[in-house]
Number of protein chains: 2
Amino acid sequence: MGLKGSCIVAQSGGPTAVINASACGVVQEAMKHGEIEGVYGAINGVLGILNEEIFDFREESPDDIEGLKYTPAAALGSCRYKLKSLEDSREDYARIMEVFKAHNIRYFFYIGGNDSMDTADKITRLSKEMDYEMRVMGIPKTVDNDLAFTDHCPGYGSIAKYNATAVMEAGRDTDAIYTTDTCTIFEAMGRNAGWIAAATALARREEGDAPHLIYMPEAAFSIEQFVKDCKEVLSKFGRIFIVAGEGLKDASSEYITAATGEFARDSFGHVQLGGVADILKQIIEKEVKVKARWNKLGTCQREAMHFASKTDRDEAYLCGQMAVKHAVEEDVTGKMVSLVRESDEPYRCTTGLVGLAQVANAEKPVPREWINESGNFVTEKFIRYATPLIQGEVEVPIENGLPRYIRLKRKPIPKKSPLR
Amino acid sequence: MGLKGSCIVAQSGGPTAVINASACGVVQEAMKHGEIEGVYGAINGVLGILNEEIFDFREESPDDIEGLKYTPAAALGSCRYKLKSLEDSREDYARIMEVFKAHNIRYFFYIGGNDSMDTADKITRLSKEMDYEMRVMGIPKTVDNDLAFTDHCPGYGSIAKYNATAVMEAGRDTDAIYTTDTCTIFEAMGRNAGWIAAATALARREEGDAPHLIYMPEAAFSIEQFVKDCKEVLSKFGRIFIVAGEGLKDASSEYITAATGEFARDSFGHVQLGGVADILKQIIEKEVKVKARWNKLGTCQREAMHFASKTDRDEAYLCGQMAVKHAVEEDVTGKMVSLVRESDEPYRCTTGLVGLAQVANAEKPVPREWINESGNFVTEKFIRYATPLIQGEVEVPIENGLPRYIRLKRKPIPKKSPLR
């Protein structure tokens, strides 16, 4: 018999195509357990808890809850509100516990990346200190795929599949029109890790297919080498298709966009990137002397449920579901559900558990041996890793020619602990 | 009994998701007619004719020819080579006729936009002057949808469907994370016409859905009005999703990007645009004081066969097919196949014929009455026009998680009229 009480699920950070599938896994599983009295959602992540803006999933239609499986972007609302250490954000943490107590919330399921796992870890510790019995579980989510202690992250397979498709298609465009537009640059997301850029390698089936060159933050970027690479590709294929991670750095670990003065920081202190493609265009037009253009899918790439990976979506659901099972049936707390690969071919993947603090304090770059020596493409090891993650398509209902995504009602429940 | 001889098909200008469906229509129809002896393709548009780089469709596999129906971007190769007036490009036109004669090419099917129709018109006139009997047919193609004398253009329905989907998805992203990233700008293609930007209106099903504001080149852009619009949307919905055509102009018809000095011209003398989204971002951050980010799908938007419109694809095929039928069965020449809408609901569309010279010298902007008075969204008339064009999805074969597009072999046939 598990701990009796209500549960709350929250989504945090940048959304993904499958972040709602994880929420769906939590909600549908939680509703099966008699111990769980109320199944709540926090509106806009941790802000919803702090402001006591909470809604009741029993007020949502089962069809809409099921629709979370094919609806992209955080349907509960997300935020980038940063909680610091227990000491520095004491008031916020105290407030969270106050709201939990007011609603007898005994289960907290937090879907997010490193920062969210850090927050969840601190809530776990605080609840223990306060002798308030609860279960806190993390559910991994990031298109960046840079969480450690998990084979990969829900959200990654879908951005990988979509971006590889977009590169394949834009590559055909370059092939068709290279007599004038010789070079295309595709800017991929990925602040510190090159996972997203790397995945576009899957688009290449034959020599000459796009992408010809992939640059990732893990390999120091040199303008000299870049110009050399471009000239080589140009003389071989008559055209150049380049994928560049947004966070490219030079040998002294400086972002190559630094020169443009486009720096700004978000509320987590992360550098906001942009402009890599434009810099590369300038270099190419000046040094390689061919016309270059660039594409930057921006937030479209992380929400492309219309061509998402079914494998990714199903694993996202599984992570949510397993978080509930472990918490209710085994009294697990302070852990994140991880994905554990058992084999590549046939692909088999199960879930595991890892300490929240461990995940919070680590980052997983693309291993250097998965990038070729010249630092301009991935190796076969990466292809073997990424290929299973993009398999299968999610069936999205179509209405009048466009996807029919659901919207939750998210009607806030009455406040029991209003802020003074 | 039609004119005996061979035919050649060529693709020109910016590719689309369905430009190959038109080529497929030409080739599959041509192969049914005994009068047509050889079915050839020009490699890289008119350049392939000038350089006598021609391939034989009978050397391609029927599966690959069929695969043109779901393969985006000009599979024959395209170019932006500009032929001027008969006087100014005399040598080029003479060369084209020389190559036609060498291969007994009596049918020329040219898939393209205004400029291509102009070239096709001149070839028609020249062949008459030279007493070389042939049939010249234009097949419309442009994502820009700005050809006159046709209800719409093949290529448009697919970019409309895809961009509306991308806006719907990126809109969900903005909805989820508006507590920090309050404004998203989506830059749509469209040099002189706002058709592509306008189509994203289809993404809005309910009030509050993205896009909130759409700016098209047809309505003069005013920074003052823009800031006012943004502030209104912000106070109403707490977030802003803007679609901007790349060719926005101010009241004096100057491109608003002119200030940035990013001007360049392509070989047709067209201004190369880019940077509208970034300018709007700067205005918003300074005047509305919220954080803005932007997405620019670039060439990805026009090649997105993975979520193309079946209606568009089928009409593209039909245009190719009808061009052949008219030329062979009715001795039509000097005409472009047009799309003629018979009704909106149920949608019925047939084909017609229009003089090449007529099409060549006209452009069709979005009618002002299809744009609202404030110039920041479309009216119901536009929605009625565009909705049928995005219906249905093209089934694309998937291999290992990604689309399996075909590649033609394009093995050049021996030259009969080599350049000295």
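Computed from a predicted structure; not experimentally measured.

Draft legend 1. Expanded view of the domain arrangement of chain A. All names here are of chain A. Per the domain assignment, the segments making up chain A are domain 1 (5-155 + 305-361 + 392-403) and domain 2 (159-302). Spacing between the C-alpha centres of domain 1 and domain 2 amounts to 32 Å. With 19 residues of domain 1 in contact, the opposing surface of domain 2 contributes 14 residues. For the pairing of domain 1 and domain 2, the buried interface totals around 1400 Å² over both sides, and the portion due to carbon and sulfur atoms is 56%. Taken together, domain 1 and domain 2 are joined by one salt bridge. Taken together, domain 1 and domain 2 are joined by five residue pairs in polar contact (both at pLDDT 80 or more). Residues that form the side of domain 1 that touches domain 2 fall into these classes: six nonpolar, seven polar and six charged.

Draft legend 2. How the structure looks around the pairing of strand β6 (residues 183-188) of chain B. Residues and elements named next belong to chain B. Across the six residues that make up β6, a large majority, six, are buried. Where burial is concerned, the two faces of β6 agree: the one with Cys183, Ile185 and Glu187 and the one with Thr184, Phe186 and Ala188 are both buried. The sheet contact formed by β6 and strand β9 (residues 292-296) spans five bridges and is parallel. Residue Cys183 lies in a different strand from β9, and its bridge partner there is Ala292. By the bridge criterion, six bridges tie β6 to strand β8 (residues 240-245) in an arrangement that is parallel.

Draft legend 3. Geometry of the relation of the copies chain B and chain A. When chain B is fitted onto chain A, the two copies agree to an RMSD of 0.0 Å after a turn of 180° and an axial shift of 0.0 Å. Expressed as a symmetry operation, the mapping of one chain copy onto the other fits a two-fold axis.

Draft legend 4. Focus on the sheet that holds strand β2 (residues 36-42) of chain A. Residue and element names in this part refer to chain A. Here we have seven strands laid out as an open sheet, ordered β3-β2-β1-β4-β5-β10-β11, and mixed in their pairing. Across the chains shown, the open sheet's two edge strands, defined by having one partner strand only, are β3 (54-56) and β11 (348-355). Taking the axes of each pair of neighbouring strands and ignoring which way they run, one obtains an average angle of 30° across the sheet. Helix α5 (residues 114-129) contacts β4 (105-112), β5 (135-140) and β10 (335-343) of the sheet and is inclined by roughly 160° relative to β4.

Draft legend 5. Layout of the nonpolar core. Ranked by internal contacts, the top residues of the largest apolar core, which has 185 residues, are Phe109(A), Phe382(A), Phe109(B) and Phe382(B). Discounting residues that sit within four places of it in the chain, Phe109(A) has contacts with Cys7(A), Ile8(A), Val9(A), Ala10(A), Val26(A), Met137(A), Ile139(A), Ala323(A), Val324(A) and Ala327(A).

Draft legend 6. Layout of the interface of chain B and chain A. Taken residue by residue, the interface counts 68 residues in chain B and 68 residues in chain A. The contact between chain B and chain A buries some 5500 Å² in all, and 51% of this surface belongs to carbon and sulfur atoms. If you sort the residues of chain B by the area they bury against chain A, Glu169(B), Arg172(B) and Arg407(B) come out on top, with a joint share of 13%. For the pair chain B and chain A, the number of links is eight salt bridges. A salt bridge links Glu399(B) to Arg205(A); its shortest N-O distance comes to 3.7 Å.

Draft legend 7. Fine view of the environment of Cys183(A). Residues and elements named next belong to chain A. Along the chain, Cys183 falls in strand β6 (residues 183-188). Between the C-alpha atoms of Cys183 and Glu285, which are 102 residues apart in sequence, the distance is 9.2 Å. Other than its neighbours up to four places away in sequence, Cys183 contacts Ile240, Ile242, Ile284, Val290, Lys291, Ala292 and Arg293.

Draft legend 8. Representation of the packing of aromatic side chains within the structure. Enumeration over the complete set of coordinates arrives at 29 aromatic pairs over all chains. Measuring from centroid to centroid gives 5.4 Å for Tyr215(B) and Phe226(B), while their planes differ by 70°, and the two rings are edge-to-face. Pair noted here: Tyr215(B) is in strand β7 (residues 213-215) and Phe226(B) is in helix α8 (residues 223-237), with a separation of eleven residues, a long-range link. Of the residues examined, Tyr215(B) reaches a relative accessible area of 4% and is grouped as buried. The exposure class assigned to Phe226(B) is buried, which follows from its relative accessible area of 1%. A network of ring pairs unites the aromatic residues Tyr156(A), Trp195(A), Trp370(A), Phe382(A) and Tyr385(A) as a single cluster. Between the NZ or CZ atom of Arg204(B) and the centre of the ring of Phe377(B), over which it lies, the distance is 3.9 Å.

Draft legend 9. Region of interest: the confidence of the model for chain A. The predicted model of chain A averages 94 in pLDDT, with 96% of residues at 70 or higher. Across residues 260-267 of chain A the pLDDT falls below 50, and counting only partners more than four positions away or on other chains, this stretch makes 21 contacts in the model.

Draft legend 10. Broad picture of the packing of helix α8 (residues 223-237) of chain A against helix α9 (residues 276-288) of chain A. All names here are of chain A. Where α8 meets α9, the closest approach of the two axes is 10 Å, and the angle between their N-to-C directions is 65°. When the axis of α8 is compared with that of α9, the two are roughly perpendicular. The interaxial crossing formed by α8 with α9 has right-handed handedness. Of the residues in α9, those touching α8 at Ile223, Phe226, Val227, Cys230, Lys231 and Leu234 are Leu280, Ile283, Ile284, Glu287 and Val288. In terms of residue class, the contact of α8 with α9 is made up of nine nonpolar, no polar and two charged.

Draft legend 11. Structural context of the sheet that holds strand β10 (residues 335-343) of chain B. Residues and elements named next belong to chain B. Spatially, seven strands are ordered β3-β2-β1-β4-β5-β10-β11 in an open sheet, and the strand pairing comes out mixed. The sheet is open, and its two edges are formed by β3 (54-56) and β11 (348-355), each paired on a single side. Shown here is a sheet whose adjacent strand axes are inclined to one another by a mean of 30°, direction ignored. Pairing of strand β1 (residues 5-11) with strand β4 (residues 105-112) involves six bridges; the strand directions are parallel. Note on β4: the bridge partner recorded for Ser6 is Ile105. Against the sheet, helix α1 (residues 19-30) makes contact with β1, β2 (36-42), β4 and β5 (135-140), and its axis sits at roughly 175° relative to β1, the strand it touches most. Against the sheet, helix α5 (residues 114-129) touches β4, β5 and β10, its axis set at about 160° to β4.

Draft legend 12. Spotlight on the packing of helix α4 (residues 90-102) of chain A against α5(A). Residue and element names in this part refer to chain A. Where α4 contacts α5, the axes come no closer than 11 Å and their chain directions differ by 70°. The angle between α4 and α5 places the two elements in the roughly perpendicular class. Classified by chirality, the crossing of α5 by α4 is right-handed. Every residue of α5 that contacts α4 at Tyr93, Ala94, Ile96, Met97 and Phe100 is listed here: Thr119, Lys122, Ile123, Leu126 and Ser127. Among the residues forming the contact of α4 with α5, the class breakdown is seven nonpolar, two polar and one charged.

Draft legend 13. Geometry of the pattern of salt bridges. All names here are of chain B. Evaluated as defined, the whole model comprises 58 salt bridges over all chains. The shortest N-O distance in the salt bridge between Arg125 and Asp121 comes to 3.6 Å. Note that Arg125 and Asp121 are positioned in helix α5 at a spacing of four residues, about one turn of the helix. Residue classification places Arg125 among the partly exposed positions, given a relative accessible area of 42%.

Draft legend 14. The arrangement of the side chain of Asn20(B) in detail. Residues and elements named next belong to chain B. One can find Asn20 in helix α1. Judged by its relative accessible area of 0%, Asn20 is buried. Among the polar contacts made by the side chain of Asn20, one reaches the side chain of Gln11 at a distance of 3.0 Å. Among residues more than four places away in sequence, those in contact with Asn20 are Gln11, Leu68, Thr71, Pro72, Ala73, Ala74 and Ala75.

Draft legend 15. Structural view of α5(B). Residues and elements named next belong to chain B. Given a rise of 1.5 Å per residue, 16 residues ought to cover 22 Å, and the 23 Å separating the end C-alpha atoms of α5 matches this to within 8%. Of all 16 residues making up α5, twelve are buried, and the element is well covered by its neighbours. Taken as a whole, α5 has its buried residues at Asn114, Ser116, Met117, Asp118, Thr119, Ala120, Asp121, Lys122, Ile123, Thr124, Leu126 and Ser127. Where the residues of α5 are buried, they touch α4 (90-102), β4, β5, β10 and α11 (356-360).

Draft legend 16. Spatial organisation of unusual backbone geometry. Note the cis peptide between Glu345(A) and Pro346(A), where omega equals -5°. Relative to the elements of secondary structure, Pro346(A) occurs in the loop between β10 and β11. Note that the residue after Ala210(B), namely Pro211(B), is joined by a cis bond; omega there is 0°. Within the secondary structure, Pro211(B) is located in the loop between α7 (195-199) and β7. For Asn104(B), which is not glycine, the phi torsion reads 50° and is therefore positive. In this structure, Asn104(B) sits in the loop between α4 and β4. Exposure remark for Asn104(B): the relative accessible area of 29% places this residue in the partly exposed category.

Reading guide: rules and limits
- Residues numbered from 1 in each chain as written.
- Chains lettered and ligands numbered in written order.
- Predicted model: local features only at pLDDT ≥ 70, side-chain atom pairs only at ≥ 80, totals over all residues.
- Heavy atoms only, no water.
- Domains from an automatic or database assignment.
- Contact = heavy atoms within 4.5 Å.
- Buried area = accessible area lost by both parts, 1.4 Å probe.
- Salt bridge = Lys/Arg side-chain N within 4 Å of Asp/Glu carboxyl O.
- Polar contact = N/O pair within 3.5 Å; in protein donor to acceptor, adjacent residues only side chain to side chain.
- Nonpolar A, V, L, I, M, F, W, Y, C, P; charged D, E, K, R; others polar.
- Buried < 20%, exposed > 50% of the residue type's maximum accessible area, 1.4 Å probe, protein only.
- Helix = DSSP H or I, 4+ residues; strand = E, 2+ residues; numbered from the N terminus.
- Pairing = 2+ DSSP bridges.
- Least-squares fit on C-alpha atoms with pLDDT ≥ 70 in both.
- Axes fitted to C-alpha atoms, helices over the stretch in contact; angles between N-to-C directions.
- Core = buried A, V, L, I, M, F, W, Y, C linked by side-chain atoms within 4.5 Å.
- Phe/Tyr/Trp six-rings, centres within 6.5 Å; stacked < 30°, edge-to-face > 60°.
- Lys NZ or Arg CZ within 6 Å of the ring centre and 35° of its normal.
- pLDDT = per-residue confidence, 0-100.
- Parallel < 35°, antiparallel > 145°, perpendicular 65-115°, else oblique.
- Left-handed = near helix turned anticlockwise from the far one by under 90°.
- Expected span 1.5 Å × (residues − 1).

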